Amino acid sequence: MSFLKLFKSENVANNSESIWYENWQLLKKNKSAMFGLYIIIFFVLIAIFAPVVAPFDPYAQNIDIRKLPFFSWPYILGTDDFGRDILSRIIYGARISLVIGFISVSISLIFGSFIGLISGFYGGWIDKISMRIIDIMLAFPYILLTIVIVALLGPTLLNAMIAIGIARLPQYARIMRASVLAEKAAEYVEAEKSLGVGNVELMFRSILPNCLAPIIVQATLGVGSAIIESAALSFLGLGAQPPTPEWGLMIASAREFVSSAWWIVTFPGIAILFVVLGFNLLGDGIRDVLDPRLKD
Amino acid sequence: MYKFILKRVGMLLPTLFGVITLVFFMLALSPGEPARVILGERANKEAVEKLNAELGLDKPMHVQYVIYLKKVVQLDFGRSIKTGQRVIDEIKSRFPATIELAIFSMILASVAGIFIGVISATKRYSLLDYVSMFGALFGVSMPVFWLGLVLIIIFSVNLNLLPTGGRMDIRYYFVPITNFYILDGLIHFFKSGDLGVFLSAVTHMILPAVTLGTIPLAIIARITRSSMLEVLKQDYIKTARAIGTPEHKVIFKYALRNALLPVITVIGLQFGMLLAGAILTETIFAWPGIGKWLYHAIESRDFPAIQGGIIVISTCFVLINLFVDLLYSVINPKIRTE
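Residues numbered from 1 in each chain as written. Chains lettered and ligands numbered in written order. Predicted model: local features only at pLDDT ≥ 70, side-chain atom pairs only at ≥ 80, totals over all residues. Heavy atoms only, no water.

Student: Which residues make up the confidence of the model for chain B, and what are the values?
Tutor: Model confidence for chain B is summarised by a mean pLDDT of 85, while 96% of its residues fall at 70 or above. Interface confidence for the predicted complex, expressed as ipTM, amounts to 0.85; the pTM equals 0.87. (pLDDT = per-residue confidence, 0-100.)

Here's what the structure looks like:
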């Protein structure tokens, strides 16, 4: 497990900053990862400054300009069936998608890692029970699990985030548990134990920081898939509800016009594609840095 | 070896039991009464109570659970609220459509994915490699439902080459035998000499199969490439080259065979995923399979149908994963010792 060694020096506390700095230097050399990062920064800026950047009100309907084609100045990407500016709706949609991505990944990250940490550290019946539950959750294809959870909770954006967070949680728990098991056997843990360091401190201050590498990779890639999944839920009518400018919903509401107004379907999808591409490029880059084993 | 199989199969039962139990409690604890769904929002209290008693929903939870378990073991999921048909019959009639779609998507994804992966690995850092790996990255970053619609816009609306949805042109009336329409089309051809049914089935298959197969294709291409690169580094490949073995033989006979080990696992796991992933693709292409059916069941809160659908899909998923594990242990003895 070579990536663990990157973090595992005798004096982690003093060295950790320089290790993160070193990794950042390595990551900076990776052009495609940097490209991914720029895409993400671009979308984050757009999301933050949406009211400034967007040329029109994303909710403003105007029946005189319904379904204006692509490149009808000043509606650069055209308008939808309610005469709303597509570009403005895509810009506001970035807010929703990014928030969903980050929040749902945070849910799986926090709860999943916690479960993995506890069960890996304590072992015994805690480990047995939690891993059985995780196994059962993994027995559902996660797309199905997500859809079912959100269908039962009720179709709202918040529930979509919770559903995606829960359905992806087992993966984080598994990864975390595996790292903790490897780390628990390390000498420094033994040493700290013999010095009388308490369990909680040992878990959170010594072991946890050394187990973060694979979790960070998973989380970065996870934001991208969470964005796709939330768009899919909205597309099925199980996520955002009209008139929210959510990308998946925009695609769904334009389904009946595929033959007459291709631009309404196409552009929100391109936005999803690029933002997810950004997270995938960055995630791959981070993995190459933290886990050189997988580099090819 | 037998010990490993026994252990792995032994784990199956508790997992399935867990799945069945989890499905029961998820639905039992979810808001919304089935009786209300059947009778409508304005039904009076007496009617709702009467129906609850008929459905056995007035009994205590643990009693309901035991009854439910007994029924599930006999594959009895009750009757659909919407259609009144037995849920298991509805699933049976729709499953072949999904299986057929999943098989064709997987064939497409495996053949193209392995081919692209091998080419990329052998021509590493070439333009071809960059283009295919960037393409693969696009493939995994794309929302499937959007890809389906874009394909419809291009191939159905603009080029008018392929149908927008369904499994078969309505002009053709024929009695399905296997319910795998492409196979049925072939049978029909041998019986009557008419190729139309077969061709119609194939043209209807293309766009959904491409849509559903894109993500697995991209994943398989990436795994094949990295696995090939790993194998090509090894000494026995160097030896084979040194003694003058032709390059195509080195690649396809010596390297690919070992490189395929992890690829087979991924193909298996992706196939399991496809059964569930078909929900989106089937909805877009009006494909009358289990995914679209389950989606409508969820939409109308048809509880028995949802229950049956989830249990059947998850069971298939678990069985496929088990099969992949066992297959992997057969072809790679190293795993058994763990």
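Don't stop here, the text continues.
Student: Can you lay out the domain arrangement of chain B for me, pointing to particular residues and giving the numbers?
Tutor: Residues and elements named next belong to chain B. Under the domain assignment used here, chain B contains domain 1 (15-73) and domain 2 (96-337). Once you take the C-alpha centre of each, domain 1 and domain 2 turn out to be 37 Å apart. Across the boundary between the two partners, domain 1 contributes 13 residues, which contact 10 residues of domain 2. Linking domain 1 with domain 2 are 0 salt bridges, by the criterion used here. Counting every contact that joins domain 1 to domain 2 gives 0 residue pairs in polar contact (both at pLDDT 80 or more). At the level of secondary structure, the elements contributing two or more residues to the side of domain 1 that touches domain 2 comprise helix H2 (12-28), helix H3 (34-39) and helix H5 (61-73). The element that contributes the greatest number of residues to the side of domain 1 that touches domain 2 is H2, accounting for 6 residues. Of the residues belonging to the side of domain 1 that touches domain 2, the class tally is 11 nonpolar, 2 polar and no charged. (Domains from an automatic or database assignment. Contact = heavy atoms within 4.5 Å. Salt bridge = Lys/Arg side-chain N within 4 Å of Asp/Glu carboxyl O. Polar contact = N/O pair within 3.5 Å; in protein donor to acceptor, adjacent residues only side chain to side chain. Helix = DSSP H or I, 4+ residues; strand = E, 2+ residues; numbered from the N terminus. Nonpolar A, V, L, I, M, F, W, Y, C, P; charged D, E, K, R; others polar.)

Student: Give a description of the interface of chain A and chain B that names residues and reports values.
Tutor: Chain A puts 38 residues into the contact, and the matching count from chain B is 45 residues. Taken together, the two surfaces of chain A and chain B that pack against each other cover about 3,900 Å², and 79% of this comes from carbon and sulfur. Applying the counting criterion to the chain A and chain B interface returns 1 salt bridge. The partner of Arg222 of chain B in a salt bridge is Asp284 of chain A, and the shortest N-O contact between them spans 2.5 Å. Where chain A touches chain B, the interface holds 8 residue pairs in polar contact (both at pLDDT 80 or more). Breaking the side of chain A that touches chain B down by element, the ones donating at least two residues are helix H6 (124-138), helix H7 (142-153), helix H11 (212-235), helix H12 (247-253) and helix H13 (262-290) of chain A. In terms of residue count, the dominant contributor to the side of chain A that touches chain B is H13 of chain A (13 residues). (Buried area = accessible area lost by both parts, 1.4 Å probe.)

Student: Lay out the packing of aromatic side chains in plain terms, naming residues and giving numbers.
Tutor: Counting across every chain of the model gives 15 aromatic pairs over all chains. An angle of 70° between the planes, with centres 6.1 Å apart, marks the rings of Phe43 of chain A and Trp247 of chain A as edge-to-face. Here Trp247 of chain A lies in helix H12 and Phe43 of chain A lies in helix H3 (residues 31-48), a separation of 204 residues in the sequence. As far as the burial class goes, Phe43 of chain A and Trp247 of chain A line up, both buried. Relative to Phe190 of chain B, the ring of Phe189 of chain B lies with its centre 5.4 Å away and its plane at 50°, an arrangement referred to as tilted. A relative accessible area of 29% means that Phe189 of chain B is categorised as partly exposed. Linked through ring pairs, Phe24, Phe25, Tyr65 and Tyr68 of chain B together constitute an aromatic cluster. (Phe/Tyr/Trp six-rings, centres within 6.5 Å; stacked < 30°, edge-to-face > 60°. Buried < 20%, exposed > 50% of the residue type's maximum accessible area, 1.4 Å probe, protein only.)

Student: Before we move on, can you summarise the pattern of salt bridges with the specific residues and values?
Tutor: Proximity of charged atoms lets side chains of opposite charge pair with each other. One pass over the full model with this rule turns up 14 salt bridges over all chains. Across the pair Asp235 of chain B and Lys238 of chain B runs a salt bridge, and its minimum N-O distance is 3.9 Å. Placement of the pair is Asp235 of chain B and Lys238 of chain B together in helix H11 (residues 235-242), with a separation of 3 residues, close to one helical turn. For the pair Asp235 of chain B and Lys238 of chain B, a shared accessibility class is recorded, and that class is exposed. The network of salt bridges with common partners includes Arg132, Asp135 and Arg174 of chain A.

Student: Can you tell me about the confidence of the model for chain A, naming the residues and giving the values?
Tutor: Atom-level detail of predicted coordinates should not be read off regions where pLDDT is low. Mean pLDDT for chain A: 85, with 93% of residues reaching 70 or above. When mean pLDDT is taken per element in chain A, H3 of chain A scores highest with 93 and helix H1 (residues 2-7) of chain A scores lowest with 45.

Student: Just give me the short version of the nonpolar core, but keep the residues and values in it.
Tutor: Phe235 and Trp247 of chain A together with Phe145 of chain B are the most contacted members of the largest nonpolar core, which has 175 residues in total. Of the residues forming this core, the biggest block, 16 residues, is contributed by helix H12 (residues 247-284) of chain B. Inspection of this core shows a minimum of three residues originating in each of domain 1 (15-73) and domain 2 (96-337) of chain B. Ignoring sequence-local partners within four residues, the contact set of Phe235 of chain A consists of Gly248, Leu249, Ile251, Ala252 and Arg255 of chain A together with Phe145, Leu149, Leu280 and Ile284 of chain B. Membership of the second largest hydrophobic core comes to 6 residues, among which are Leu277 and Leu281 of chain A together with Ala136 and Leu137 of chain B. (Core = buried A, V, L, I, M, F, W, Y, C linked by side-chain atoms within 4.5 Å.)

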